[in-house]
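An overview of the molecular structure
Given next are the chains, with one letter for each unit.
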2 protein chains.
Amino acid sequence: MKLIISKQLLIAIFGGKSPGNGSRPENEWKMNDYVKRIAAVRGMMLNHGWDALVLSGSDPHSSEYVSSRDQQIKWLTGYTGEGQLVLTQDHCGIWTDSRYFILASRELPLSGSVLHKTRVPGEVTIPKWLSEYSAGRGPFVVAVDSLCHGASEVGEIIDALGDGGRVFGIPDILDSLWTDRPEIPRTPIITLGTEQVGWSRTQKLSWLRRWLRERNLDAILLTALDEIAWTLNVRGNDVDYNPVVMSYLLVTEGDATWFVRKGLPDDDDSETVDSFEELAMDGVSIRNYSEVSASLAALADGDSISSIFIDPSTLNFKLEQALADEDSLLRVVRGDSPVILRKAVKNEVEKAFMREAHLEDGIAMERFLHWLETSVQSGEPVNERDAADKLHEFRSCIEGFRGESFETISAYGANAALPHYVTPEEGSDEIFPKGLYLCDSGGQYLFGTTDITRTVPLGPCTPLEMEDYTLVLKGHIDLAKATFPKGTAGCQIDAVARQPLWNSMRNFGHGTGHGIGFYLNVHEGPLQIRQNFNRQAILPGMITSDEPGIYREGRWGIRHENLLLAVEAGSNDFAAWMRFETLTLCHFDTSAVVKELLDASEIKWLNDYNERVYRTLAPRLEPEVAQWLRLKTLPL
Amino acid sequence: MKLIISKQLLIAIFGGKSPGNGSRPENEWKMNDYVKRIAAVRGMMLNHGWDALVLSGSDPHSSEYVSSRDQQIKWLTGYTGEGQLVLTQDHCGIWTDSRYFILASRELPLSGSVLHKTRVPGEVTIPKWLSEYSAGRGPFVVAVDSLCHGASEVGEIIDALGDGGRVFGIPDILDSLWTDRPEIPRTPIITLGTEQVGWSRTQKLSWLRRWLRERNLDAILLTALDEIAWTLNVRGNDVDYNPVVMSYLLVTEGDATWFVRKGLPDDDDSETVDSFEELAMDGVSIRNYSEVSASLAALADGDSISSIFIDPSTLNFKLEQALADEDSLLRVVRGDSPVILRKAVKNEVEKAFMREAHLEDGIAMERFLHWLETSVQSGEPVNERDAADKLHEFRSCIEGFRGESFETISAYGANAALPHYVTPEEGSDEIFPKGLYLCDSGGQYLFGTTDITRTVPLGPCTPLEMEDYTLVLKGHIDLAKATFPKGTAGCQIDAVARQPLWNSMRNFGHGTGHGIGFYLNVHEGPLQIRQNFNRQAILPGMITSDEPGIYREGRWGIRHENLLLAVEAGSNDFAAWMRFETLTLCHFDTSAVVKELLDASEIKWLNDYNERVYRTLAPRLEPEVAQWLRLKTLPL
């Protein structure tokens, strides 16, 4: 489709100025695809009388990672980070947090978009911005993609606009312009047995039905992809890095209906056909993914059920409208899905396999770090992409490896200052035997999920690099070895990891820890260790990352990350206690440590940890790597 | 008034058993005053058809400390700590937090009352308890003292009971039985000048009126006594330790009406008469305290004003009913009083005087600690009360001293394990040259308020005493020397003070820090450093205590407390920073410190602090005390 752009529209886009900052010479500016697409969308908005378009950056399931089909903001603006977009005739804004500030400063000029910082003091949220922008402009119409926008988020916009605004939800809103938009993904579906996950799908469905009965509810609609995968013990590969299946799950006392696939089950690959058969034997009916909307509208008649539970944080606006239509006879009860918490507390089988996954992953990591150091120091040309590929190669040797749990961040020097740096496929920076290299990566295994960051000195480091390296490690260690009373929430111990940085007036703009799934999403709720006032207590069996960092733009970035399992630590007169068991097995390089900045208990933790890594992994490593690891793990 | 108690009622009181725990011999139980009073109240409840009576333990202003008139729970049960009471025909429960658990275990058996722990996991609040208790009992009637019960709290009970219950508010509910109840206090009222507090009352009233205009409101009713004292720059002594005046303040655009005193102003002492004249010149009308209710009812006509702002957390239920009557034409807007935050952020004059107050207070403290140590070690008989009296004597020498800011806790040995130990007037325990003595005290001065706890070794200490002493001090120091980003709330750094204790599986059941007034209440909001999810950021100019502790029942108690002033600490690429300036000036005894438990930065803080204390105070101390202090403050 060829686009014709009027001069008026171009002026509307940039207010008569070229995109980007003022210092960019006029002649450098070219009419790129993104500028054309934005202009076309603005044309569509004018035609329909929409004053603003809001894109959530998510998919119909409020997923954090989305398939290429749902990367609408990337298609429209070229911005590759996480974020939300608001487009009006005179403004294209992208809302994102500090992880992406540097990336945004590089990519937003492409489309003339403006960065709106989130999670900062004085933050102006999208609903607030729209409310301020629309003030005094008369009736204000906001359009959203009703499929790819969460019901809660749309509700916030509606509330913020009040009587002065209207919000229209249109499914697949950009489809008429995005002619080569990818299809809904459709990857093979596998099932996991009780011996792999500890709890069968019939047990999980029974638990869910008991939960419904206790609340006098007839049905629950699960909309978050990882919750569905957990409940049904299924895995797919529909979203990069997340082993999930694009689907909805409706559970009632008598039925469990899985809305999945565009085609019929018998069109599918044999693995999927087998999976569907197994599910059918457990009483799960398979229906077409696209039928969910009509099915819910039918339920709203109130004939078969009279009440349904939904989680508006992952239900999309379109389905919410189908259920909460004013003619609906259903009692719609909203809240946090019970699956979130249950899934976060790992059972004994899951814990045992997660330990196993970290042992295997640690072997790959040590082989990788050995290869990297020896290659770089011997003068072999290695770039960031080579390193990521090599790490993939080592992980691929592990039986049950199913791919990375997120895109590997392989970042040398100043690139590591971007906490979510995307290593280019082509032309990535070369790694030299000097300064720090950061690698944040993880694997998906049939028996678990890993997430690890190591920042390693590949040669001489400056005193400030070493100080930063040590203070981040100090924060990491302080959290890893912390004891805390049962009932403590993440925001109440976040400062434990930050205090060493704060006391030297350094900080990092992301959370200290996130929950992680069992062969599922690398980020999962409800546990978070960060500054926000999340009241969720850290429960025994939850797994969290511990990943403080320091980022100096244009210089270097440092992050040290292990996964920690929360465990009970006994009771006494003062409290019932909790502590963490470190799952990750990969040494921390001590050559960049400024020993004086650590106290005796921190040095002991570091030496003990490195010794444990050596003793556990060495027997499984090649003699050359084991020998190298012995030297790397000598006590500080 | 003589009480006749039926056998049925006695059985109703104790369910046929004697009060206290089962091990108490039957013959030790005597029908004391409290048992008689409870029986009489139960009789009244039966007469009126009240199923439960709830006493808030507070006064008509939701004050934390109350005059003897409002100590209804003490009169009824003999329990002297803070708490709330629920009385039914078969249960007398007292709800209180861990500060009072040990005290409650001693005092509750007196009246056969049962302890309900608050601020503990699984806490059952009074509304929840009432809701559970009343379930299945048919229509349930709860009576509250409408004057001495906050509107918010009553609202929570009403919500919890739902349709199954009714709540009656009766002012002075116990008056018919409590025949010798004290009068409403009436102490001399003084005024403070701008040179003393930095901001005149006309400035404060203008600020309050601007605040009203910005919100399109006509009036605000101030009900918290310290907010009124702050706004009018007045002080009294109506409540022990709190220099406040029993009153209400109604501010409109044109008027400021102070409801105060039972009698007419011209009946008063000359100081008060002068104060009233000064206030009148600033446009403040004086009306009778008892007229507030009728005045508010008249306002509800909506003739003079059409909207009013109230803070339901300190407004009593009776006045709330007067305002929010269903016939009321007033728009009643509820929220946190703006005075709370404004009062908490001290201005330059207040900060300068607070520093001065702590210098004076520090001199008294050092004289006291010198006297205590030399007296006890020379074998002179000194008991806890003697010590408290001596400290009072030293403080009394300070010009502008107006009394203690709370009842001095002078506690030796195991008594210190009660965080809020009340030192008996007669027969308090003797202090020996062995183990630890704890003194938590503070002064009210015309130029500030202090609050300090020192725990001092008076002779040999056990290794565990020394370890506890050091870990508490470590937590204290870690908070005192913390740097943190602007915007950080108290619950986000509470762990900084607790971490050294947590890591050795020790903890304390009270908050780490509370706000403090300027020649006002020793506890004030909105700043708190504790585990609860209070979002209030620590702002420059706020003052907080820093008082971690350890309490081992039957053995010892340790608490180290200084007051800290929050100050800005500059900005850099990472954040805008805050830190604390320690206001309190009194050395920490290093002889009980286990040096190995402190890191280098903590030892430096301790040595620097003690040196600063010595250099600042020594020139003002008697040579003998200065010499002693020199030895006490030598570097560790």
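Residues numbered from 1 in each chain as written. Chains lettered and ligands numbered in written order. Predicted model: local features only at pLDDT ≥ 70, side-chain atom pairs only at ≥ 80, totals over all residues. Heavy atoms only, no water.

1. Brief notes about the overall build of chain A
When helices and strands are counted, chain A shows 19 helices and 28 strands. Computed over C-alpha atoms, the radius of gyration of chain A comes to 25 Å, within 12% of the 26 Å expected from 2.2 N^0.38 for 636 residues, which places it in the range of a compact globule. Oriented by its inertia axes, the alpha-carbon framework of chain A measures out at about 70 × 65 × 55 Å. Burial analysis of chain A (636 residues in total) assigns 61% to the buried set. In chain A, of all internal contacts separated by at least 6 residues, the share reaching a separation of at least 24 is 71%. Across chain A, 62 positive and 91 negative side-chain charges occur, with their mean positions spaced 4 Å apart. (Helix = DSSP H or I, 4+ residues; strand = E, 2+ residues; numbered from the N terminus. Rg over C-alpha atoms; globule rule 2.2 N^0.38 Å. Buried < 20%, exposed > 50% of the residue type's maximum accessible area, 1.4 Å probe, protein only. Contact = heavy atoms within 4.5 Å. Lys, Arg positive; Asp, Glu negative; His and termini not counted. Charge placed at Lys NZ, Arg CZ, Asp CG, Glu CD.)

2. Observations concerning the pattern of salt bridges
Side chains bearing opposite charge may pair, as long as their charged atoms lie close to each other. Residue and element names in this part refer to chain A. Applying the stated criterion to the full structure yields 78 salt bridges over all chains. When the shortest N-O distance is used, the salt bridge between Asp 389 and Arg 385 registers 3.9 Å. On the criterion of helical spacing, the pair formed by Asp 389 and Arg 385 is a turn pair, its members being 4 residues apart in helix 15 (residues 384-396). We note a salt bridge from Arg 385 to Glu 425, for which the minimum N-O separation is 3.7 Å. (Salt bridge = Lys/Arg side-chain N within 4 Å of Asp/Glu carboxyl O.)

3. Some words on the interface of chain A and chain B
Accessible area lost upon the coming together of the parts serves often as the stated size of an interface. With 32 residues of chain A at the interface, the matching set in chain B holds 32 residues. When chain A packs against chain B, the two sides together hide about 2,900 Å² of surface, and 59% of this comes from carbon and sulfur. If you sort the residues of chain A by the area they bury against chain B, A:Met505, A:Phe533 and A:Phe574 come out on top, with a joint share of 27%. Applying the counting criterion to the chain A and chain B interface returns 0 salt bridges. Counting the contacts that link chain A with chain B gives 6 residue pairs in polar contact (both at pLDDT 80 or more). Of all the secondary structure elements, the ones that give two or more residues to the side of chain A that touches chain B are strand 21 (483-485), helix 17 (490-502), strand 25 (549-552) and strand 27 (562-571) of chain A. (Buried area = accessible area lost by both parts, 1.4 Å probe. Polar contact = N/O pair within 3.5 Å; in protein donor to acceptor, adjacent residues only side chain to side chain.)

4. So, the side chain of A:Asp311
All names here are of chain A. Within the secondary structure layout, Asp 311 lies in the loop between strand 13 (307-310) and helix 12 (317-324). One buried charge, Asp 311, has no salt-bridge partner; the nearest side chain with opposite charge is Arg 334, at 9.2 Å. A polar contact of 2.7 Å, which involves the side chain of Asp 311, links it to the side chain of Ser 313. If we skip the residues at most four places from it in the chain, Asp 311 touches Thr 223, Gly 335, Asp 336, Ser 337 and Ile 340.

5. Quick notes on the packing of helix 8 (residues 201-214) of chain A against helix 9 (residues 225-232) of chain A
Residues and elements named next belong to chain A. Contact geometry of helix 8 with helix 9 gives a least axis separation of 7 Å together with a crossing angle of 115°. Taking contact as the criterion, the partners of Arg 201, Lys 204, Leu 205, Trp 207 and Leu 208 in helix 8 are, on helix 9, Trp 230, Thr 231 and Leu 232. Broken down by class, the residue content of the contact of helix 8 with helix 9 amounts to 5 nonpolar, 1 polar and 2 charged. (Axes fitted to C-alpha atoms, helices over the stretch in contact; angles between N-to-C directions. Nonpolar A, V, L, I, M, F, W, Y, C, P; charged D, E, K, R; others polar.)

6. Quick notes on the packing of aromatic side chains
Under the counting rule described, the total for this entry stands at 38 aromatic pairs over all chains. Ring plane angle 15° and centroid distance 4.8 Å describe the contact between B:Trp129 and B:Tyr133, whose orientation is recorded as stacked. With B:Trp129 and B:Tyr133 both in helix 5 (residues 126-134), this residue pair falls 4 residues apart, about one helical turn. Ring pairing ties together the aromatic residues A:Trp95, A:Trp129, A:Tyr133 and A:Phe140, which thus form one cluster. Geometry around A:Phe101 places A:Lys117 over its ring, the cationic atom sitting 4.8 Å from the centre. (Phe/Tyr/Trp six-rings, centres within 6.5 Å; stacked < 30°, edge-to-face > 60°. Lys NZ or Arg CZ within 6 Å of the ring centre and 35° of its normal.)

7. A word on the relation of the copies chain A and chain B
What relates the two chain copies is a rotation about an axis together with a slide along it. Superposition record for chain A on chain B: RMSD 0.0 Å, screw rotation 180°, translation along axis 0.0 Å. Both copies of the chain, as the preceding transformation shows, are related through a two-fold rotation axis. No C-alpha of chain A approaches the rotation axis more nearly than that of A:Gln492, which lies at 2.7 Å. (Least-squares fit on C-alpha atoms with pLDDT ≥ 70 in both.)

8. Points about the sheet that holds strand 1 (residues 52-55) of chain A
Residues and elements named next belong to chain A. Judged by pairing direction, the sheet is mixed, and its 6 strands sit side by side in the order 4-3-2-1-5-6 without closing on themselves. Each edge of the open sheet is held by one strand with a lone partner, namely strand 4 (114-117) and strand 6 (165-170). Between one strand axis and the next, the sheet turns by 25° as a mean value, whatever way the strands run. The pairing of strand 5 (residues 140-145) with strand 6 spans 6 bridges and is parallel. When the bridges of strand 6 are listed, Asp 145 appears paired with Ile 170. With respect to the sheet, helix 6 (residues 151-161) is in contact with strand 1, strand 2 (84-87), strand 5 and strand 6, its orientation differing from that of strand 6 by roughly 160°. (Pairing = 2+ DSSP bridges.)

9. Considering the nonpolar core
A:Leu372, A:Tyr437, B:Phe368, B:Leu372 and B:Tyr437 are the most contacted members of the largest nonpolar core, which has 155 residues in total. Residues contacting B:Leu372, with those up to four places away along its chain left out, are B:Val382, B:Ala387, B:Ile431, B:Tyr437, B:Val456 and B:Leu458. (Core = buried A, V, L, I, M, F, W, Y, C linked by side-chain atoms within 4.5 Å.)

10. Section: the sheet that holds strand 10 (residues 247-252) of chain A
All names here are of chain A. Ordered by their spatial adjacency, 6 strands build an open sheet running 12-11-10-8-13-14, and the pairing between neighbours is mixed. Unpaired on one side and paired on the other, strand 12 (284-287) and strand 14 (331-334) mark the two borders of the sheet. Geometrically, the sheet is characterised by an average inter-axis angle of 20° between neighbouring strands, direction not taken into account. Across 4 bridges, the pairing between strand 13 and strand 14 is parallel. Opposite Phe 309, over in strand 14, you have Val 333 as the bridge partner. Against the sheet, helix 10 (residues 270-281) touches strand 11 (256-260) and strand 12, its axis set at about 135° to strand 12.

11. Here we look at the environment of B:Gln72
Residue and element names in this part refer to chain B. Among the secondary structure elements, Gln 72 is positioned in helix 3 (residues 72-77). Accessibility expressed as a relative area gives 4% for Gln 72, which makes it buried. Separated by 317 residues in the primary sequence, Gln 72 and Asp 389 have C-alpha atoms spaced 28 Å apart. With near-sequence residues (within four places) excluded, Gln 72 lies in contact with Leu 55, Asp 145, Cys 148, Ile 173, Leu 174, Trp 178 and Arg 181.

12. Observations regarding the environment of A:Tyr519
Within the secondary structure, A:Tyr519 is located in the loop between strand 22 (513-515) and strand 23 (524-529). Discounting residues that sit within four places of it in the chain, A:Tyr519 has contacts with A:Ile190, A:Leu192, A:Arg235, A:Pro243, A:Arg402, A:Gln444, A:Tyr445, A:Leu446, A:Gly448 and A:Thr449.

13. Some details on the confidence of the model for chain A
Residue and element names in this part refer to chain A. With 94% of its residues at a pLDDT of 70 or more, chain A has an overall mean of 92. The low-confidence segment residues 1-29, where pLDDT is below 50, has 41 contacts with residues more than four positions distant or belonging to other chains. Across the predicted assembly, pTM comes out at 0.90 and ipTM at 0.88. (pLDDT = per-residue confidence, 0-100.)

14. Here's the deal with the environment of B:Ser58
Residues and elements named next belong to chain B. Position of Ser 58 relative to the elements: it lies in the loop between strand 1 (52-55) and helix 3. Sequence separation between Ser 58 and Asp 70 is 12 residues, and the spatial gap between their C-alpha atoms is 6.6 Å. Among all residues touching Ser 58, those that are not within four sequence positions of it are Ser 63, Val 66, Asp 70 and Cys 148. Within the local environment of Ser 58, its side chain forms a polar contact with the backbone oxygen of Ser 63, the two atoms lying 2.8 Å apart.

15. Details of the pairing of strand 5 of chain A
Residue and element names in this part refer to chain A. The buried count for strand 5 comes to 6 of 6 residues, which makes it a mostly enclosed element. Residues Phe 140, Val 142 and Val 144 line one face of strand 5 and the alternating positions Val 141, Ala 143 and Asp 145 line the opposite face, and both faces are buried. Note: strand 1 against strand 5, 3 bridges, orientation parallel. Across the sheet, the residue bridging to Val 54 is Val 144, located in strand 5. Read from strand 5 through helix 6 to strand 6, the crossover connection turns out right-handed. (Right-handed = clockwise from strand over helix to strand, strands pointing away.)

16. Observations regarding the state of the cysteines
Under the defined criterion, the tally for this structure stands at 0 disulfides over all chains. Take B:Cys148: it sits in no disulfide, and the sulfur closest to it among the cysteines is that of B:Cys92, at 17 Å. (Disulfide = S-S within 2.5 Å.)

17. A short note on helix 18 (residues 600-617) of chain A
An ideal rise of 1.5 Å per residue puts 26 Å on 18 residues; helix 18 of chain A measures up with 26 Å between its terminal C-alpha atoms. The set of residues buried in helix 18 of chain A consists of A:Glu602, A:Ile603, A:Trp605, A:Leu606, A:Asn607, A:Tyr609, A:Asn610, A:Val613, A:Tyr614 and A:Leu617. (Expected span 1.5 Å × (residues − 1).)

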